[in-house]
Amino acid sequence: MSDSRAEVLRIVEAARADGWVLEPDAKRLFSLAGFDVPRLTVARTPEEADRFAREIGYPVVAKVVSPRILHKSDVGGVVVGIADAGRLEEVFRRFRGIEGFVGMIVEETVSGIELILGAKIDFQFGPMILLGMGGTGVEIYQDVALRMAPLSGKDVHAMIAGLKARRLLEGYRGAEKVDREKLTETVLAFAAMVMELRERIASIDINPLLCSSRRCVVADARIILGRHESIARR
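It should be emphasised that the depicted structure is a prediction, and the values quoted were computed from it without experimental measurement. (Residues numbered from 1 in each chain as written. Predicted model: local features only at pLDDT ≥ 70, side-chain atom pairs only at ≥ 80, totals over all residues. Heavy atoms only, no water.)

1. Digging into the side chain of Ser 203
Along the chain, Ser 203 turns up in strand E9 (residues 201–211). Setting aside chain neighbours within four positions, we find Ser 203 in contact with Ala 119, Lys 120, Arg 222, Ile 223 and Ile 224. (Helix = DSSP H or I, 4+ residues; strand = E, 2+ residues; numbered from the N terminus. Contact = heavy atoms within 4.5 Å.)

Here's what the structure looks like:
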């Protein structure tokens, strides 16, 4: 077993008591698996937060870290466009009042088209991969494509072609085009990772996956663990 695979499995098993993987650990897992993730740190004080923000450059994104908060946006636990230390400290102090607070993610600002890349382990069909238009409006858009894993490049191309908003990926009205090859590689790598972890997880969501002409970045990730015993009996 490679060191990176062993570390991925260690992260998953360490999170089993909570039932899901906290975002910093999920980002670490994706990084180990070769995905592009933002530069980030978990700050325990406003001073740590500002020190890192100055290192990577303002503006930055801040997110609450709490094992009791699965949906950070629902509690105001995500703030973007933080331009200076004063605002960063203000956000930190507010986050500290959120239930279960253990720290604050400070990460670089990344731009791109918001996609969702997800997977669910279906009892009957096994790993199902979802690709669609993402962000906070994903439930409103409902613009997604589904395929059973494992996937081929042809499968991914068909998923992209099936999206109603695919023209946004092609540089609609002069906007920046998404690197289609990079997106395809990311989806294929994601499907392969899901196949590797299918006996340990219930679902994985990358939302948003921010794609541009240069990168496809795992901007936020949620990994819900499954019961290994029940999955193994399928």
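2. With respect to the pairing of strand E7 (residues 126–133)
The buried fraction of E7 is high, at 6 of 8 residues. As defined by bridge partners, strand E6 (residues 113–122) adjoins E7 across 8 bridges and the pair is classed as antiparallel. Residue Ile 121 lies in a different strand from E7, and its bridge partner there is Pro 127. Of the strand pairs in this sheet, E7 and strand E8 (residues 144–148) are connected by 5 bridges, and their pairing is antiparallel. Bridging from a neighbouring strand, Leu 131 pairs with Ala 145 of E8. (Buried < 20%, exposed > 50% of the residue type's maximum accessible area, 1.4 Å probe, protein only. Pairing = 2+ DSSP bridges.)

3. Considering the state of the cysteines
One covalent bond between the sulfur atoms of two cysteine residues makes up a disulfide. All told, the structure shown has 1 disulfide when counted by the stated rule. One disulfide bridge connects Cys 211 with Cys 216, the sulfur atoms lying 2.3 Å from each other. The disulfide joining Cys 211 to Cys 216 has a torsion of about 120° about its S-S bond and is therefore right-handed. The exposure class of Cys 216 is buried, given its relative accessible area of 4%. (Disulfide = S-S within 2.5 Å.)

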